[in-house]
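As a plain string of letters, each chain reads:
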Amino acid sequence: MVCVSSILTYLTKLKIMIVKRNDLNRLIINDFMSNKLPNGYEKHLNNKYVWSLENELDNKVCYIKTSMGEEKIFLNDDDDINYSCKRIQETIENLDAIYKEEELIDKYCSENGWTYSGT
């Protein structure tokens, strides 16, 4: 029989870890926005690319891994930062599935020439 308190303890620790990760990501993005990270930032998890921050001309941009490449978010205000942190967390939670789906898409495109020159 599974102990309910053990499950609750695990879920509480998981929630704390997610909150801390979101706070860290927000701190990194805010440092980037205030030019404390002038060369950008790139994050990998288990040797898999997750997200990055880059300067593009006069814009600050967050790139987040998707199964079709990357989602590009222009960082203009707190709403953009909040959305980026939310999407980063979703990506981390689904990272293996995203990479698996990307593999399937690549395979399909390589086997079907009518798809715009593959991926």
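All of the points below concern the structure found in this document. Keep in mind the model is a prediction, meaning the values are calculated, not measured. Counting restarts for each chain: residues are numbered from 1 in the order of the written sequence. In keeping with the model being predicted, local features are shown solely for residues with a pLDDT of at least 70 and side-chain atom pairs are shown and tallied solely at 80 or more, while totals for entire chains, interfaces and linings include all residues. With hydrogens and water excluded, all non-hydrogen atoms of the structure serve as input to the side-chain values.

What to know about the pattern of salt bridges
We count a salt bridge whenever a side-chain nitrogen from Lys or Arg sits within 4 Å of a carboxyl oxygen from Asp or Glu. Enumeration according to the criterion identifies 6 salt bridges in this entry. Measuring nitrogen to oxygen at the nearest pair gives 2.6 Å for the salt bridge that ties Glu-71 to Arg-87. You can see Glu-71 sitting in strand 4 (residues 69–74) and its partner Arg-87 sitting in helix 2 (residues 78–93), a full 16 residues away along the chain. The same class applies to Glu-71 and to Arg-87, which are both buried. As a salt-bridge pair, Glu-90 and Arg-87 come within 2.9 Å of each other at their nearest N and O atoms. Here Glu-90 and its partner Arg-87 are both found in helix 2, 3 residues apart, which amounts to about one turn of the helix. Three exposure classes are used, based on accessible area relative to the maximum for each residue type with a 1.4 Å probe and protein chains only: buried under 20%, partly exposed in between, and exposed over 50%. A residue is classified by how much of its surface remains accessible, and Arg-87, at 15% relative accessible area, is buried. Helix and strand definitions follow DSSP, with helices as H or I runs of at least four residues and strands as E runs of at least two, each counted in order from the N terminus.

Some remarks on the sheet that holds strand 2 (residues 48–56)
Strand order in the open sheet formed by 4 strands is 1-2-3-4, and the pairing between neighbours is antiparallel. The sheet is open, and its two edges are formed by strand 1 (41–45) and strand 4, each paired on a single side. Going from strand to strand, the sheet's axes swing by 20 degrees on average, the running direction of each strand aside. Note: strand 2 against strand 3 (residues 59–66), 6 bridges, orientation antiparallel. Across the sheet, residue Trp-51 finds its bridge partner in strand 3, namely Ile-64. One requirement defines pairing of two strands: DSSP has to find at least two bridges between them. Lines fitted to C-alpha atoms define the axes here, with helix axes fitted over just the stretch in contact, and angles between the N-to-C directions of these axes take values from 0 to 180 degrees.

Overview of the pairing of strand 2
A regular strand carries its side chains on alternate faces of the sheet. Strand direction decides the pairing type here: strand 1 and strand 2, joined by 5 bridges, are antiparallel. In the strand pairing of strand 2, Tyr-41 is matched with Leu-53.

As for the packing of aromatic side chains
Pairing of aromatic rings covers Phe, Tyr and the six-membered ring of Trp, with a centre-to-centre limit of 6.5 Å; geometry is then stacked below 30 degrees between planes, edge-to-face above 60, and tilted otherwise. This structure, assessed with the given rule, holds 2 aromatic pairs. Between Tyr-41 and Trp-51, the aromatic rings sit 5.2 Å apart at their centres with planes inclined by 45 degrees, giving tilted as the arrangement. Placement of the pair is Tyr-41 in strand 1 and Trp-51 in strand 2, with a sequence separation of 10 residues. The class for Tyr-41 is partly exposed, based on a relative accessible area of 27%. Geometry around Phe-32 places Lys-60 over its ring, the cationic atom sitting 4.7 Å from the centre. In this arrangement the basic side chain of Lys-65 is found over the ring face of Tyr-99, its NZ or CZ atom lying 5.0 Å from the centre. Counting as a charge over the ring demands two things of the Lys NZ or Arg CZ atom: a distance within 6 Å of the ring centre and an angle within 35 degrees of the ring normal.

Read these as layout, nothing more, since geometry by itself doesn't imply function.
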